[in-house]
Amino acid sequence: MTPERTAVVVVNYGSHELLRANLDTTLSKAFGIIIVDNFSSSAERDAVRWLCAERGWRLVTQANLGFGAGVNAGIAEARQFGFRRYVMLNPDAVADAAALTALAEHAGAEPDALICPTILTPSGEVWFSGGTVLVERGVTITRGADSSAPGGWLTGACIAVHDSLWQRLGGFDDRYFLYWEDIDLSWRCTESGGHLVVRDDVRIVHDAGGTQARGRAKSATYYYYNCRNRLLFAARHLSQRDVIRWALLTPAYARRVLLRGGRRQFLHRPWRPLWAAASGSLRGIRMLATSREVRHS
């Protein structure tokens, strides 16, 4: 039997230099590499186009439709060309062929599972080895979490999936745009009878870097969608009782998210992060008010 082919799907947004640095040229020999460029600027689009031509990568271009929609487009492209195993990978992650092969082979052998590696920081510390949604507290955790336990989730920084499960789940829900779409996908996977696996023996490196590093100011987009999408997730998946609990816990959660960017950000233009978190929270509350539409739309 001919082995199923594997595609590595990477969503780019203004990060062509990361693609150049982190995607080893030898990966193209073992995998189909599909880059989905969410539009950020004409110069970036041109740079990505040239890079893909130089490296022999397949390019999918679209407006900036968000991370989940980007992965969906990349996997749809891969499927057209006969790929049936997919590994989604962030531009700021570094993985060698052996790690990606192990993830892809696991997806082929266990097609009802989403598979994630253990993810390290550049300094060697564990960045992700499991995640859990604590429904009673309205938050997610990663420290000491077990993704295979109830409420588990995997990070979209690197997930392997077989086509049969991906089609059953319908891919990412692109209403999230950015953040929490991986938690939603994980939740739907377990609800459908699938399961989540974190491979301790497969390790890659993820450099969050820049504005997304813990303790440094983050973007307004980060604050807005983290606050909004937590409540979108609640509207889609939780009981009415838990939805009310999550709504009441929203101010505490918004504070938690804001503090990920450190306190120094409030010394200069503090209204920007505060407004982003507040507006995202308010938008999420409106979604809860129309949760029946959210669940069934």
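Residues numbered from 1 in each chain as written. Predicted model: local features only at pLDDT ≥ 70, side-chain atom pairs only at ≥ 80, totals over all residues. Heavy atoms only, no water.

### Observations regarding the overall build of the protein
- On a plain count of helices and strands, the protein comes out with 12 helices and 12 strands.
- A principal-axis box enclosing the C-alpha atoms of the protein has dimensions of 55 × 45 × 40 Å.
- The buried share of the protein, taken over its 297 residues, is 53%.
- Sequence separation of 24 or more characterises 73% of the internal contacts of the protein that already satisfy a separation of 6 or more.
- Carbon and sulfur atoms provide 53% of the accessible area of the protein, an area that totals close to 14000 Å².
- Positive and negative side-chain charges of the protein, numbering 36 and 28 respectively, have mean locations separated by a distance of 8 Å. (Helix = DSSP H or I, 4+ residues; strand = E, 2+ residues; numbered from the N terminus. Buried < 20%, exposed > 50% of the residue type's maximum accessible area, 1.4 Å probe, protein only. Contact = heavy atoms within 4.5 Å. Areas by Shrake-Rupley, 256 points an atom, 1.4 Å probe, with all protein chains shown as cover. Lys, Arg positive; Asp, Glu negative; His and termini not counted. Charge placed at Lys NZ, Arg CZ, Asp CG, Glu CD.)

### Some remarks on the sheet that holds strand β8 (residues 131–134)
- Pairing within the open sheet is antiparallel, and its three strands lie in the order β9-β8-β10. In this open sheet, the two edge strands, each paired with only one partner strand, are β9 (139–141) and β10 (152–153).
- In the sheet, β8 pairs with β9 via three bridges, with the strands oriented antiparallel. Of the residues in β9, the one forming a bridge with valine 133 is threonine 140. (Pairing = 2+ DSSP bridges.)

### Examining unusual backbone geometry
- At phenylalanine 177, a residue that is not glycine, the phi angle is positive and equals roughly 65 degrees.
- If you trace the backbone, phenylalanine 177 turns up in the loop between α6 (163–169) and α7 (181–191).
- With a relative accessible area of 21%, phenylalanine 177 lands in the partly exposed category.
- The phi dihedral of tryptophan 180 is positive, around 75 degrees, even though this residue is not glycine.
- For tryptophan 180, the position within the fold is in the loop between α6 and α7.

### Concerning the side chain of arginine 85
- Along the chain, the position of arginine 85 falls in strand β4 (residues 85–89).
- Buried arginine 85, no salt bridge; nearest opposite-charge side chain is glutamate 4, N-O distance 4.8 Å.
- At a separation of 2.9 Å, a polar atom in the side chain of arginine 85 contacts the main-chain carbonyl oxygen of glutamate 4.
- Aside from chain neighbours lying at most four places away, what touches arginine 85 is Glu4, Arg5, Thr6, Ala7, Ala104, Glu105, Gly108, Val161 and His162. (Salt bridge = Lys/Arg side-chain N within 4 Å of Asp/Glu carboxyl O. Polar contact = N/O pair within 3.5 Å; in protein donor to acceptor, adjacent residues only side chain to side chain.)

### Re the packing of aromatic side chains
- According to the stated counting rule, one finds 11 aromatic pairs in the structure shown.
- Ring centres of tryptophan 166 and phenylalanine 172 lie 5.6 Å apart, and the angle between their planes is 85 degrees; on these two criteria the pair is classed as edge-to-face.
- Residue classification places tryptophan 166 among the buried positions, given a relative accessible area of 4%.
- Ring centres 5.1 Å apart and planes at 75 degrees place the aromatic pair tyrosine 179 and tyrosine 222 in the edge-to-face group. (Phe/Tyr/Trp six-rings, centres within 6.5 Å; stacked < 30°, edge-to-face > 60°.)

### A few points about the nonpolar core
- Counting 85 residues, the largest nonpolar core has Leu23, Ile35, Leu89, Leu114, Phe233 and Trp246 as its most contacted members.
- With eight residues, the top contributor of residues to this core is helix α8 (residues 220–237).
- Residues contacting leucine 23, with those up to four places away along its chain left out, are Val10, Leu18, Ile33, Ile35, Arg55, Trp57 and Leu89. (Core = buried A, V, L, I, M, F, W, Y, C linked by side-chain atoms within 4.5 Å.)

### Let's talk about the packing of α8 against helix α10 (residues 250–259)
- Contact geometry for α8 and α10: axes closest at 10 Å, N-to-C directions at 145 degrees. You can see that α8 and α10 cross each other, and the crossing is right-handed. For the pair formed by α8 and α10, the contact residues are Tyr222, Tyr223, Asn226, Cys227, Arg230 and Leu231 on the first element and Thr250, Tyr253, Ala254, Val257 and Leu258 on the second.
- Its residues placed into classes, the contact of α8 with α10 shows eight nonpolar, two polar and one charged. (Axes fitted to C-alpha atoms, helices over the stretch in contact; angles between N-to-C directions. Left-handed = near helix turned anticlockwise from the far one by under 90°. Nonpolar A, V, L, I, M, F, W, Y, C, P; charged D, E, K, R; others polar.)

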